[in-house]
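# Secondary and tertiary structure notes
Below, each chain spelled out in residue letters.
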Amino acid sequence: MMRLPETDHDGPSSGAPGVSAQAGPSSLNGSVDGLVATNGHKNGFTPLANGNSGIGAVMGNGIAKHGKSIAKVNLPGTTLYDDSFVNREEFVRLVIQTLRDVGYAESAATLEAESGYTLELPEVSQFRQYILDGMWAKAEAVLGRLGLHETEGLLDAKFLISRQKYLELLEARKPTAALQVLRNELAPLNVDPDQLHTLSSFIMCAEPEDLRRRAGWDGASGDSRRQLLDILHDYVPSTIMIPPRRFSTLLQQATTYQRQRCIYHNSALNASNFSLYSDHQCNKADFPRITTTILDMHTDEVWNIEWSHDGAYLASASKDKSAIIWRRSPSADPISTPYDQWAPHLILRDHQYPVGCLSWSLDDSILLTSTEQMIKMWNTKTGVCIRTLDEHTETVTAISWLPDGTGFISGGLDRKIIIWDADGKVRDSWNPTGIRITDLSVTPDFTRIVAVGMEHSPSFPPEPESNQTRGPQADAGAAGGNGSSSSFSSRVPHRMMVFNFATKQPELSIRLEADLTSVQTSQDSQSALINHAPNEIHLRDLSTGRIVCKYVGQTQGRHVIRSCFGGIESNFVVSGSEDANVYVWHRESGMLLEVLSGHGEGSVNSVAWNPTNERMFASCSDDRSIRIWEAPPPIGNYMAEFPILESSQAIPSTTLEKAKERTRQQIAETGTIIRTRR
């Protein structure tokens, strides 16, 4: 245990140790006279005979302690409270560290004196300063006194220090000295030969900029020394050298735990809405579960929807051979109509077949649509078809813009994956994959393509078209890749495949005795959400292929259903269903949160969460409509109390109380506040 020396409470030697006035880790640097605290107060530290300093001026609370030193307080036990498992010394040392970090140097020194606990030994602060000052020999000499041994990271720590020294010498154009470090310090540490070869190759760098680029290193004048110190923290026992900002880390972990426990969490955590005084809990009433608008201009089943990146437009694809771009705009009269207004912006009719897939360019200037084996590129301001692409030989089942916006990718039942430039020219065409692709997605980090589909079997004869087949193409036991709902056959196994984007080689291939109809990758590029008929949605890890979570409750047996992530931090999983409902789960736990009714007969085929409004999503259905879902208006808020009416109706002259009651009744009976837009 690290404690200050025991002293007589009445004697002069019971004062606080000397401290630095700068914010940062506490250290024992001897006496400091005339310390100026960061809060602007000047304190007179009286040097004592033993080198410590007594505090004899204004304390942090402004109370004068003239001529009196800080007496050490002896408390019984070792835990923070009688019924607590938290070690008191650890807690106090973390408080001291935090006080130092935020600038309360005087308070930290007082707490050290009163508790008898010091933040760290002199060797620790010396080691930290040696690293930051580039005094490598002295830093290595201290390692043994910090609890490191050859079997417990000493050699690794020496390697990291010598590597930094070597790179800095190369950066300073001292190749001879750097070569000596490589031969005499790095090589004897039994470094992996490949790593040693890489380091030796840096000698050939002609310019410091080239060295920094090749080494992935920002130089001696950058943050590299501080980053080295952060890494070295992992080797020094935490009881000796407390990791930086440890208290803040613990609070962040508590915040994460509370957020995961809050199943309706859908608001950004910040200083205005998060308090240490109480546990975080989002209000269920703020969840988007009320239909605020119905868009019903399509004349047949609506198969797919996708928001523009700015969240101001929604595109819909339908069996009626059209795509519609809907425009969202703020309400002109927020008192009578508190929700946004909707109107058709463009109707894209020039499709020979039903429209299945949609994808917006990153700047929202181009909308891609797929219709059988063709892809069309549309100007989203004028509605003009820029060009029609026909490289695929069978139904296009997936189109998606690349994360960098330089082009887009498509996949189809012809087993092809094609990479296109932004102007519609083929950049690359992969060899046919082993599956007839029903959907694919590119990870946001641009490293992988996740594809799902049917195993290719040339000997498997196509089934004749039946009355149940919905979509322009009946395929051998598979979904019409145009995004329509189609009949399935369990005779054809499906696969989930993960390809390396750069090499085109499969990293993962899993055979599943189920129909896989859609895939969406997570924002962290670590997992994929896959609709897995019958009646399940899986979240799978992309490195191992293992199921992270299952979401059950919805119905899917014959049709293509597309799910998505939603809400702040993608906290929810949302899917349509063949029972005409929308299902919402908590992503982390798999708990079913909401079953939202309102659509008419038939399947809810696709859902899409607004990318700029975490409290809005849309769904589309066989009932030819699109529904916009938002949080209900707060009862008691005058601005949101009037019920939302048909667009052709005027606001009735009712009293405010009648309007309130009508709104309450409408929500209670139907879960809906409806505006129809045709």
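Values in this document were obtained by computation on a predicted structure and should not be read as measured data. (Residues numbered from 1 in each chain as written. Predicted model: local features only at pLDDT ≥ 70, side-chain atom pairs only at ≥ 80, totals over all residues. Heavy atoms only, no water.)

Looking only at helices and strands, one finds 11 helices and 31 strands in the protein. Counting across all 678 residues of the protein, residues that qualify as buried make up 50%. In the protein, the share of contacts with a sequence separation of at least 24, taken over all contacts with a separation of at least 6, comes to 52%. Surface exposure of the protein reaches about 31,100 Å², of which carbon and sulfur atoms provide 49%. (Helix = DSSP H or I, 4+ residues; strand = E, 2+ residues; numbered from the N terminus. Buried < 20%, exposed > 50% of the residue type's maximum accessible area, 1.4 Å probe, protein only. Contact = heavy atoms within 4.5 Å. Areas by Shrake-Rupley, 256 points an atom, 1.4 Å probe, with all protein chains shown as cover.)

Moving on, we get to the UniProt feature "repeat: WD" (unreviewed entry) in the protein. Under the UniProt annotation, the feature "repeat: WD" (unreviewed entry) is placed at residues 295-326, 348-388, 389-421 and 601-630. A helix fraction of 0% and a strand fraction of 55% characterise residues 389-421, whose end C-alpha atoms lie 12 Å from each other. (UniProt positions renumbered as here; feature names shortened; annotations may be inferred.)

In this section: the sheet that holds strand 11 (residues 385-389). Strands belonging to one sheet form pairs held by backbone hydrogen bonds; the direction of such a pair is parallel or antiparallel. On the basis of which strands lie adjacent, the open sheet formed by four strands has the order 8-9-10-11 and antiparallel pairing. Two strands in the sheet have a free side with no partner beyond their single neighbour: strand 8 (358-360) and strand 11. On average, each strand axis in the sheet is tilted by 20° relative to the strand beside it, whichever way the strands run. Sheet topology note: the strand 8/strand 9 (residues 366-371) ladder contains three bridges and is antiparallel. (Pairing = 2+ DSSP bridges. Axes fitted to C-alpha atoms, helices over the stretch in contact; angles between N-to-C directions.)

Right, let's talk about the sheet that holds strand 20 (residues 515-521) for a bit. Strand order in the open sheet made by the four strands is 20-21-22-23, with antiparallel pairing throughout. Two strands close off the open sheet at either side, each with one partner strand: strand 20 and strand 23 (547-552). Between one strand and the next, the sheet's axes are offset by a mean angle of 20°, whatever the strand orientation. Bridging between strand 21 (residues 527-533) and strand 22 (residues 536-541) involves six bridges; their strand directions are antiparallel. Residue pairing across strands places I530 opposite H538, the latter belonging to strand 22.

All told, the structure shown has 19 salt bridges when counted by the stated rule. Between R436 and E394 there is a salt bridge; the shortest N-O distance is 3.0 Å. Within this pair, whereas R436 is found in strand 16 (residues 435-442), its partner E394 is found in the loop between strand 11 and strand 12 (396-401), the two being separated by 42 residues in sequence. What makes R436 buried here is its relative accessible area of 15%. In this structure E394 comes out as partly exposed when scored by relative accessible area, which is 26%. (Salt bridge = Lys/Arg side-chain N within 4 Å of Asp/Glu carboxyl O.)

The subject of this paragraph is the environment of S527. Mapped onto the elements, S527 comes out in strand 21. The class for S527 is buried, based on a relative accessible area of 7%. As for S527 and L539, which are separated by 12 residues in sequence, their C-alpha atoms are 6.5 Å apart. Discounting residues that sit within four places of it in the chain, S527 has contacts with Q520, T521, S522, L539, R540, D541, L542 and R587.

Taken together, the buried positions of helix 4 (residues 136-143) are W136, A139, V142 and L143. Projected onto a plane normal to the axis of helix 4, the buried residues spread over an arc of 125° and lie on a single side. (Arc of directions from axis to C-beta.)

The next thing to look at is the side chain of H351. Note on placement: H351 falls in the loop between strand 7 (341-348) and strand 8. At 3.3 Å, the side chain of H351 and the backbone oxygen of L348 are in polar contact. Not counting residues up to four positions away in its chain, the partners in contact with H351 are K321, S322, A323, T369, T371, K376 and W378. (Polar contact = N/O pair within 3.5 Å; in protein donor to acceptor, adjacent residues only side chain to side chain.)

In total, this model carries 15 aromatic pairs according to the counting rule given. On the numbers, 6.0 Å between centres and 20° between planes, the contact of Y583 with W585 is stacked. Judged by relative accessible area, Y583 falls into the buried class, the value being 6%. Through pairs of rings, three or more aromatic residues link up here, namely Y264, F287, F572, W609, F617 and W629. (Phe/Tyr/Trp six-rings, centres within 6.5 Å; stacked < 30°, edge-to-face > 60°.)

Turning our attention to the packing of helix 4 against helix 5 (residues 154-171). For the pair helix 4 and helix 5, the least separation of the axes is 10 Å and the interaxial angle reads 175°. Judged by the angle between their axes, helix 4 and helix 5 are roughly antiparallel. Contacts between helix 4 and helix 5 involve W136, A139, E140 and L143 from the former and L154, A157, K158, I161, S162, Q164, K165 and E168 from the latter. For the contact of helix 4 with helix 5, the per-class residue count stands at six nonpolar, two polar and four charged. (Parallel < 35°, antiparallel > 145°, perpendicular 65-115°, else oblique. Nonpolar A, V, L, I, M, F, W, Y, C, P; charged D, E, K, R; others polar.)

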